[in-house]
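# Descriptive structure summary
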Amino acid sequence: MTRTLPSYVQDAWWEPAEGARTTEVRDASTGEPVAHVSTEGLDVAAALEHARQVGHHSLAPLTFHQRAILLKRMALALTERKGELYELSARTGATKADSWVDIDGGIGVLFAYSSRGRREMPQSTVYLDGPVEPLSKDGSFLGRHIATTLPGVAVQINAFNFPVWGSLEKLAPAFLAGMPTLIKPATPTGYVAEHMMRILAESGLLPAGSVQLVSGSARDLLDHLRLGDTVGFTGSASTADGLRGHAAVQDRGVRFTAETDSINASVLGPDAVPGTPEFDAYVRGLVAEMTSKAGQKCTAIRRAIVPSGMSDAVAEAVRERIAAKVVVGDPRAEGVTMGPLASVEQRDEVLRQVGRLTDGGAEVLMGGGGATDVLLADGSRGDAGGGAFVAPTLLRFADPEAEALHSIEAFGPVSSLVEYGSAEQAAELVGRGGGSLVTSVASHDGAFVADLTRRIAPHNGRILLLDRDDARSSTGHGSPLPMLVHGGPGRAGGGEELGGIRSVLHHMQRTAIQGSPAMLTAVTGVWHPGASVSAEGEHPFRKSLAELRIGDQVVSAPREVTLDDIEHFARFTGDEFYAHMDEEAAAANPFFPGRVAHGYLLVSFAAGLFVEPAPGPVLANTGLEGLKFMTPVSPGDSIRVTLTAKQITPRETEEYGEVRWDAVLENQHDEVVAKYDVLTYVAKTR
């Protein structure tokens, strides 16, 4: 007897009562029952409130770095037990390669956001968005933008094709932002997401209420959402439209983002004829997108747009590659490279859409129906019986304007060929899809690529430019990456996911704050010019992180800059630019009064003026940021430097942290010569 999947809510496993109505989930290859699913009796409203109260209070007070460390530990916990996930994933029809994209890809997102959180976000709960905006002439009134954690729950509604990656790519940025998450996986593959949740729950890493999972239907989920909550949806465009119109989104201010199916395209450049690396790369990419996850990817290529007269050559190359490289069968059989669709229902729907495409003008060049002679789990070939297999299917449209080509998606191993006559027409065909997640362009002609890219960029969330130089290193048409935006306009949902820290900010509220330097310093934890300073006592470079305070400052003695200094620096470095060495030429320059000191000479002198040379807590200078030269320095001028501890960022897992220092160089007339930030590593204790 198959088990009924539990949900993980309010920090405990919940199961429906005996006799509850259930939905049966079957093995995609064999049709054998895998699990039953039911949420009958589950209190979704209570789960959401648990997230808002318990989850928010346990997660939001942690700093970005503390959350990032937890993401890494969660990734390690999943890595240690990922074999269990692979075993379950095979039952969904996923091959080992498909499972790698889903499972290792999802774990990789956790690692990526852990790393970015520690490198790009502060050791704080407040994120600074953009520079300071002066609002008064005397500097007593400033403004800037901050981002803080939303007070609600991040609800994710996921598709069936990526039960692990789909969950983790939404969880990682929400968790890093400090928002608790409620995961609602798709029923056909929800048993994989449930086991992922089980691993995380058993790891003991999750703050109370920070992650919950609902196994099964939750049709009233949006009824219980309110301002401060978010919804991240992946699925069909029609379902997204329905959710977008819900009162929670329209009237109660719930943030909604959608990533939906789209009629993605791949364009072959006129120069990419058979025998070129670009032609070969194009065919490899097309076949990969037809067969990876059996074509069940929102990023898969649905329209192969090729130059006039090239469809026969592309079709023949696709046939040859599929015959040589693609083995359809049960993913548990050795050598299988393409498994079944996720369910028999999905198979029937794909075949129905293929019928609509042929009715709309498509010619079947290859496949077109269910696959019966497949490799079975025992290594024999035959009819899989209850399996959800579909043969790789290549169609061709003679009419590039055919409505079916640009509006009907068969969410399986199905692509359609169509020809274009010019870059303008190719761009028009891409745009006819109504908005896509991704389009790829295979060409080594820079002029063609530049022209086409400018035309199609507004219709796409991502564009892959494929040529001989990146064909080997490219991650492929259909692979979203954590550091790049995933989403697209129009039919693709109009939303954005991933994209590095951008997606973290989707789960935060941007607020403009105005106030005095002291108040902005208090709110942000970053020193603002005009706030209080302490220049008394020990040199700041003698203080450990435990002793150093924001606003600790040192003001140097002045140093005269001589002509000998300038000429020595020029000869020593080889920088004999005329502004430093030729009085007449320098004076003719509208920016200089005559010969002037090198900017980098002044920065070097500044370091000598503020540094404390003896060994101490300062371990290393790691760089400068925001360097700007403002007033030229002539021979005979003097400079002094004011160095102020601006931001202190301890590292959670190290015995040191980073200190950002505000450095200001001024001349003898109190004019600012240069401004920049100095970055140093400083020990936590002496």
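## A word on the overall build of the protein
Broken down by element type, the protein carries 20 helices and 29 strands. If you line up the protein on its principal axes, its C-alpha atoms span 90 × 65 × 45 Å. Buried residues in the protein amount to 54% of all 686 residues. The contacts in the protein between residues at least 6 apart in sequence include a share of 74% that link residues at least 24 apart. Counting only carbon and sulfur atoms, one obtains 52% of the accessible surface of the protein, whose full area is about 28000 Å². For the protein, the centre of its 61 positive side-chain charges and the centre of its 85 negative side-chain charges are spaced 3 Å apart.

## Considerations on the pattern of salt bridges
Taken as a whole, this structure holds 41 salt bridges when the rule is applied. Between Arg226 and Glu49 there is a salt bridge, with its nearest N and O atoms 3.4 Å apart. Here Glu49 lies in helix H1 (residues 44-59) and Arg226 lies in the loop between strand E9 (211-213) and strand E10 (230-235), a separation of 177 residues in the sequence. Judged by its relative accessible area of 38%, Arg226 falls in the partly exposed class. The salt bridge partner of Glu363 is Arg396, with a shortest N-O separation of 3.5 Å. Taken as a pair, Glu363 in strand E14 (residues 362-366) and Arg396 in strand E17 (residues 393-397) lie far apart in primary sequence, 33 residues in all. Looking at Glu363, the relative accessible area reads 41%, which means it is partly exposed. Linked through salt bridges whose partners overlap, the residues forming this network are Asp27, Glu32, Arg91, Asp330 and Arg332.

## Quick look at the sheet that holds strand E18 (residues 414-420)
Taken in spatial order, the seven strands line up as E14-E17-E18-E13-E12-E19-E20 in an open sheet, and their pairing is mixed. The sheet is open, and its two borders are formed by E14 and strand E20 (460-466), each paired with just one other strand. Along the sheet, successive strands turn relative to each other by an average axial angle of 25°, direction set aside. Where E17 and E18 come together, four bridges link them in parallel fashion. Bridge pairing in E18 links Leu395 to Ser416.

## Section: the side chain of Thr2
The residue Thr2 is located in the segment before strand E1 (7-9) in this model. Residue classification places Thr2 among the buried positions, given a relative accessible area of 18%. Polar contacts involving the side chain of Thr2 include one to the side chain of His36, which spans 2.6 Å. In contact with Thr2, other than residues within four places in its own chain, are Pro33, Val34, Ala35 and His36.

## Considering the nonpolar core
Residues Leu268, Val314, Val318 and Leu357 are the most contacted members of the largest nonpolar core, which totals 63 residues. Looking at this core element by element, the count peaks at seven residues for helix H9 (residues 277-291). Not counting residues within four places of it along the chain, the set of residues in contact with Val318 comprises Val283, Leu286, Val287, Met290 and Leu394. The next biggest cluster of nonpolar side chains, apart from the first, holds 48 residues, and it includes Val37, Tyr191, Leu498 and Val504.

## What about the side chain of Glu666?
As for its placement among the helices and strands, Glu666 is situated in strand E28 (residues 656-667). Not counting the four nearest positions on each side in its chain, Glu666 is found in contact with Ser638, Ile639, Arg640, Thr642, Glu671, Val672 and Val673.

Conventions adopted
Residues numbered from 1 in each chain as written. Predicted model: local features only at pLDDT ≥ 70, side-chain atom pairs only at ≥ 80, totals over all residues. Heavy atoms only, no water. Helix = DSSP H or I, 4+ residues; strand = E, 2+ residues; numbered from the N terminus. Buried < 20%, exposed > 50% of the residue type's maximum accessible area, 1.4 Å probe, protein only. Contact = heavy atoms within 4.5 Å. Areas by Shrake-Rupley, 256 points an atom, 1.4 Å probe, with all protein chains shown as cover. Lys, Arg positive; Asp, Glu negative; His and termini not counted. Charge placed at Lys NZ, Arg CZ, Asp CG, Glu CD. Salt bridge = Lys/Arg side-chain N within 4 Å of Asp/Glu carboxyl O. Pairing = 2+ DSSP bridges. Axes fitted to C-alpha atoms, helices over the stretch in contact; angles between N-to-C directions. Polar contact = N/O pair within 3.5 Å; in protein donor to acceptor, adjacent residues only side chain to side chain. Core = buried A, V, L, I, M, F, W, Y, C linked by side-chain atoms within 4.5 Å.

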